[in-house]
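# Coordinates in review
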Amino acid sequence: MTTQSILLFTRDLRLSDHPALAAAASVGPVVPMFVWTGGPAGDRPLGAASRWWLAGSLEALARSLEAKGSRLLLRRGELAAEVLAVASATGARTVHVTRGYEPGAQRQFSALGAALVEHGIRLTEHSGRLLIEPEKLATKSGTPFKVFTPFWRAVQEHGVSGRPETASKLAPPKRWPEGDRLEDWGLRPSKPDWAKGFSPLWQPGEDGAWQSVERLIDGPLGNYGELRNRPDIDGTSRLSPHLTFGEISPRQLWQRLTVTAAAEPALQPGADAWLRELAWREFSYHLMHHWPSMTERALRQEFRDFAYRADVDGLSAWQKGLTGYPYIDAGMRELWTTGWMHNRVRMAVASFLVKHLLLSWREGERWFWDTLVDADAANNAASWQWVAGSGADAAPYFRIFNPITQGRKFDPNGAYVRKWVPELAKLPDALIHAPFEATGIELAAAGVGLGRTYPAPIVEHKFARDRALAALQSLKAVVP
Ligand code: FAD
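Residues numbered from 1 in each chain as written. Predicted model: local features only at pLDDT ≥ 70, side-chain atom pairs only at ≥ 80, totals over all residues. Heavy atoms only, no water.

## Remarks on empty space enclosed by the protein
- Applying the stated criterion across every chain yields a total of 4 cavities of 30 Å³ or more.
- Taken as a whole, the largest cavity holds about 60 Å³ of empty space.
- If you trace the largest cavity, you find 13 residues lining it, with Thr10, Ala41, Glu102, Ala105 and Arg129 closest to the centre.
- Tallied by class, the residues present in the lining of the largest cavity amount to 4 nonpolar, 4 polar and 5 charged. (1 Å grid on protein atoms, 1.4 Å probe; cavity = no way out; pocket = protein on both sides within 12 Å on 5 of 7 lines; lining within 4 Å. Points joined across faces, edges and corners; volume = space filled by probe spheres on them. Nonpolar A, V, L, I, M, F, W, Y, C, P; charged D, E, K, R; others polar.)

## Brief notes about helix α4 (residues 103-117)
- Relative to the 21 Å expected for 15 residues at 1.5 Å per residue, α4 spans 21 Å between its end C-alpha atoms, a close match to the ideal helical length.
- Listing the buried residues of α4 in full gives Pro103, Ala105, Phe109, Leu112, Gly113, Ala115 and Leu116.
- On its buried face, α4 sits against β1 (5-9), α3 (79-90), β4 (94-98), β5 (122-126) and α10 (268-290). (Helix = DSSP H or I, 4+ residues; strand = E, 2+ residues; numbered from the N terminus. Expected span 1.5 Å × (residues − 1). Buried < 20%, exposed > 50% of the residue type's maximum accessible area, 1.4 Å probe, protein only. Contact = heavy atoms within 4.5 Å.)

## With respect to helix α13 (residues 343-356)
- Here α13 spans 19 Å end to end across 14 residues, near enough to the 20 Å set by a 1.5 Å rise per residue.
- Of all 14 residues in α13, 13 are buried; the element is thus mostly enclosed.
- Two residues or fewer after α13 comes leucine 358, characterised by a positive phi angle close to 55 degrees.

## Section: the layout of surface pockets
- Looking at the largest pocket, its volume works out to about 1200 Å³.
- Every residue lining the largest pocket is counted, 41 residues in all, and those nearest its centre are Glu277, Trp280, Asn343, Asn379 and Ser383.
- Only α8 (240-244), α10, α13 and α15 (377-388) provide two or more residues apiece to the lining of the largest pocket.
- In terms of residue count, α10 provides more of the lining of the largest pocket than any other element does, 9 residues in total.
- Its residues assigned to classes, the lining of the largest pocket comprises 20 nonpolar, 11 polar and 10 charged.
- One number sums up the size of the second largest pocket: a volume of about 310 Å³.
- In terms of lining residues, the second largest pocket is bounded by 15 residues, among which Arg44, Pro103, Gly104, Thr295 and Glu296 are the most central.
- Elements represented by at least two residues in the lining of the second largest pocket include exactly α4 and α14 (361-371).
- Class assignment for the residues of the lining of the second largest pocket results in 3 nonpolar, 4 polar and 8 charged.

## Comments concerning the site of the ligand
- Close to the ligand lie 28 residues; Tyr224, Thr236, Ser237, Arg238 and Asn343 are nearest.
- Between an oxygen atom of the ligand and a side-chain N or O atom of asparagine 379, the distance comes to 3.1 Å.
- Protein coverage of the free-state accessible area of the ligand, which is 820 Å², stands at 95%.
- Of all the secondary structure elements, the ones that give two or more residues to the shell around the ligand are α8, α10, α13 and α15.
- For the shell around the ligand, the element with the most residues is α10, which contributes 5 residues. (Near = heavy atom within 4 Å. Polar contact = N/O pair within 3.5 Å; in protein donor to acceptor, adjacent residues only side chain to side chain. Areas by Shrake-Rupley, 256 points an atom, 1.4 Å probe, with all protein chains shown as cover.)

## Observations regarding the pairing of β1
- With 5 of its 5 residues buried, β1 lies for the most part within the structure.
- Burial along β1 is two-sided: the face carrying Ser5, Leu7 and Phe9 and the face carrying Ile6 and Leu8 are both buried.
- Sheet analysis places β1 next to strand β2 (residues 30-36), joined by 5 bridges and oriented parallel. In the strand pairing of β2, serine 5 is matched with valine 30.
- In this fold, β1 hands off to helix α1 (residues 19-25), which returns the chain to β2; that crossover is right-handed.
- Sheet analysis places β1 next to β4, joined by 4 bridges and oriented parallel. Bridge assignment links leucine 7 to a residue of β4, and that residue is histidine 96. (Pairing = 2+ DSSP bridges. Right-handed = clockwise from strand over helix to strand, strands pointing away.)

See the structure below:
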């Protein structure tokens, strides 16, 4: 006997290695659907850059479903009401969904389950977004991990098992209910089109994800351990938005890299280093699972009442890439133009906001949420809290990145700054990260007018460092 099911897509916008879809397809016809609730079901309302990504990802998913003789049914509204309406129109008795870990997803899915049960419909949750479910890993004393290195050891000891679960065929329902048109959701900007820099760089969807995997393997993987620290070089995978929207599963990546490294031993160190980074993503989800409030407040109690400054002008200069520190400004402009920023630079700009400006990490987290195409509740909050010192396994409060030396170390020839802060392009390498150290003659020769064509620093480094240390010192008694 066949059973008709609904597959509710969330942050799992792919067809391959999709346990929920495979389960639905194995028992009968499937209605693949996506409900726009301001984000994918269970999510916090998406930021503008993520909405841009989602539009492309849903188009790609719809094309892949059509190629298999199916469709993507789009609905907009309250989750339970939309799912119930589609279930009653198609006679579906089961709804399959990939498990969500965000606090909002857990609340929404349990409310959805309760609403469906009243109509005799079952909600079944499946794995698919992580390598290992968060409750499966614990310290020897049975508590959740708070430190990454033992967590990573536990991931390796546990191993990543299971074969990819892909539906071999997708039977359509007899009748398709009415759906929305994606264009009517206004996910992409109209005027001004601030996302025009995104399209040449990104290809949302499953095919785009796999192209990034091939590019990684053929390109930087062999030297990933070193290249990953250089924002001036294309040395990382740029898979983060594909992972964030579930266009590829971490299990597929784990298996692909493991098999590749076994066949080509020279790639082993790079593959190990890359999979370790992937495990940071798992760690963020492990933390969010055990401390769901982490997305909104400091994990460490003692940081919760910390008196951050309010500085509208400072925040705005940081957002616009006009702080007067070229490395910071390059990062913030890369973010605005491309929807992405290199990890090394993310750490520096976050430290600048939280320590040089003493603004709350939540201001930065919100801006990243709006502007990143890979905005991810777990990774974003965990990383911001890592930099702020308020998270698990966090950078100590006295670690204050120097924006000048960070630039000189990771962008040694200034190519990254020249690309994103072109008004400084003619400065010599020795001055590119600190135009305020240049003489008037040197500035004039490079066509730079400090305070006119490029801002003077909005805060002096030594002053800011001393101010942050003094402010954070108050936490010293409790923070190691
Ligand atoms: P690669 O170097 O190729 O790494 C492979 C994958 O591993 C990434 O795609 C990502 O899924 C994971 N990964 C790598 N580094 C980290 C890390 N430090 N923490 C967690 N996972 C990691 N990442 C997001 O996906 N979404 C976010 O919203 C996000 N916000 C961040 C905010 C701050 C302040 C900082 C410092 C980091 C943030 N990161 C976030 C982590 C990291 O910067 C990005 O995952 C990485 O830059 C993505 O580029 P990539 O895919 O080329 O990475």
